[in-house]
Amino acid sequence: EAGVAQSPRYKIIEKRQSVAFWCNPISGHATLYWYQQILGQGPKLLIQFQNNGVVDDSQLPKDRFSAERLKGVDSTLKIQPAKLEDSAVYLCASSPTHENEQFFGPGTRLTVL
Amino acid sequence: QQQVKQSPQSLIVQKGGIPIINCAYENTAFDYFPWYQQFPGKGPALLIAIRPDVSEKKEGRFTISFNKSAKQFSLHIMDSQPGDSATYFCAASSHTGANNLFFGTGTRLTVIP
């Protein structure tokens, strides 16, 4: 079974630029999560989707971050404009339902200069 | 506010030793307590999880001890091996609501051959 796929794996941008990350969850998984993991810290949830609907986006900085999962499968996370403090690994995870084990992708490491 | 507090931040043990990582929580609604293992450049992977109806769960060399009254839980790794060197995260969630995972800050374990 293929795992959660993410791209790109690494991205370096300058502050005030925009960036987008892509995630393809495990086939059949209804729930998709985006996490931000700052160096030396645990992952912090940004947004949770159930199919193509948002379940929780209370921790998403909506003035600069946006995410969508239009067809209930893959998802994109965008940052516009980026700030220095956005430097982190952005992890995508999926689960069959919101009550099951979450499977994580390898993450995208973002560096904002 | 950190929902789950984890200690120590780092741990070094000799091969065959028994490292112990501790976590504490405040939210009594939490009813699922997983431990994740993360290697450099990889996403977290579920190691073992426990629900509050039991005080201990063992899977292979990994054991979770759970103290509901103290709101604490810990991970023990028996007969630790160099391949266990990784960062370990505890987490907690509640099935009520969105069932989001709240992660601890992580423990970097090094097992010396």
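Above this note sits the structure.
Source: prediction; values computed, not measured. (Residues numbered from 1 in each chain as written. Chains lettered and ligands numbered in written order. Predicted model: local features only at pLDDT ≥ 70, side-chain atom pairs only at ≥ 80, totals over all residues. Heavy atoms only, no water.)

Help me understand the sheet that holds strand 1 (residues 4-7) of chain B, please; the structure alone is not making it clear to me.
Sheet strands associate in pairs through backbone hydrogen bonding, adopting either a parallel or an antiparallel arrangement. All names here are of chain B. Taking strand neighbours across the sheet as the criterion, the five strands line up as 1-3-8-7-6 in an open arrangement whose pairing is antiparallel. Each edge of the open sheet carries a strand with a single partner, namely strand 1 and strand 6 (56-59). On average, adjacent strands in this sheet sit at an angle of 15° to one another, irrespective of strand direction. Taken together, the four bridges between strand 6 and strand 7 (residues 62-67) define a ladder with antiparallel strand orientation. Within strand 7, the position partnered with Glu59 by the bridge is Phe62. (Pairing = 2+ DSSP bridges. Helix = DSSP H or I, 4+ residues; strand = E, 2+ residues; numbered from the N terminus. Axes fitted to C-alpha atoms, helices over the stretch in contact; angles between N-to-C directions.)

Would you take a moment to explain the side chain of Arg64 of chain A for this structure?
All names here are of chain A. Here Arg64 lies in the loop between strand 6 (53-56) and strand 7 (65-68). One polar contact links the side chain of Arg64 to the main-chain carbonyl oxygen of Pro81, over a distance of 3.0 Å. For Arg64, the residues in contact, after removing those within four places along its chain, are Lys78, Ile79, Gln80, Pro81, Ala82, Lys83 and Asp86. (Polar contact = N/O pair within 3.5 Å; in protein donor to acceptor, adjacent residues only side chain to side chain. Contact = heavy atoms within 4.5 Å.)

Quick question: what am I supposed to make of the nonpolar core here?
In globular proteins that are soluble, nonpolar side chains generally tend to be buried together. Within the largest apolar cluster, 24 residues are counted, with the highest numbers of intra-cluster contacts made by Val4, Phe33, Trp35, Phe73, Leu75, Tyr88 and Leu109 of chain B. Mapped onto this core, the elements with two or more residues apiece are strand 2 (10-14), strand 3 (20-25), strand 4 (33-38), strand 5 (45-50), strand 7, strand 8 (72-77), strand 9 (86-92) and strand 11 (107-112) of chain B. By residue number, the principal contributor to this core is strand 9 of chain B, which donates four residues. Setting aside residues up to four positions removed in sequence, Leu109 of chain B forms contacts with Leu11, Val13, Pro19, Ile77, Asp84, Ser85, Ala86 and Tyr88 of chain B. Formed by 21 residues, the second largest nonpolar core is a distinct cluster that contains Phe49, Phe65, Leu110 and Val112 of chain A. (Core = buried A, V, L, I, M, F, W, Y, C linked by side-chain atoms within 4.5 Å. Buried < 20%, exposed > 50% of the residue type's maximum accessible area, 1.4 Å probe, protein only.)

How do you make sense of the state of the cysteines when you look at a structure like this?
When the sulfur atoms of two cysteines share a covalent bond, that bond is a disulfide. Residue and element names in this part refer to chain A. One pass over the full model with this rule turns up two disulfides over all chains. Disulfide pairing places Cys23 opposite Cys92 at an S-S distance of 1.9 Å. Judged by the sign of its S-S torsion, about -70°, the bond between Cys23 and Cys92 is left-handed. Here the residue Cys23 occupies a position in strand 3 (residues 19-24), and Cys92 occupies one in strand 9 (residues 88-95), the gap between them amounting to 69 residues. You can call Cys23 buried: its relative accessible area is 0%. (Disulfide = S-S within 2.5 Å.)

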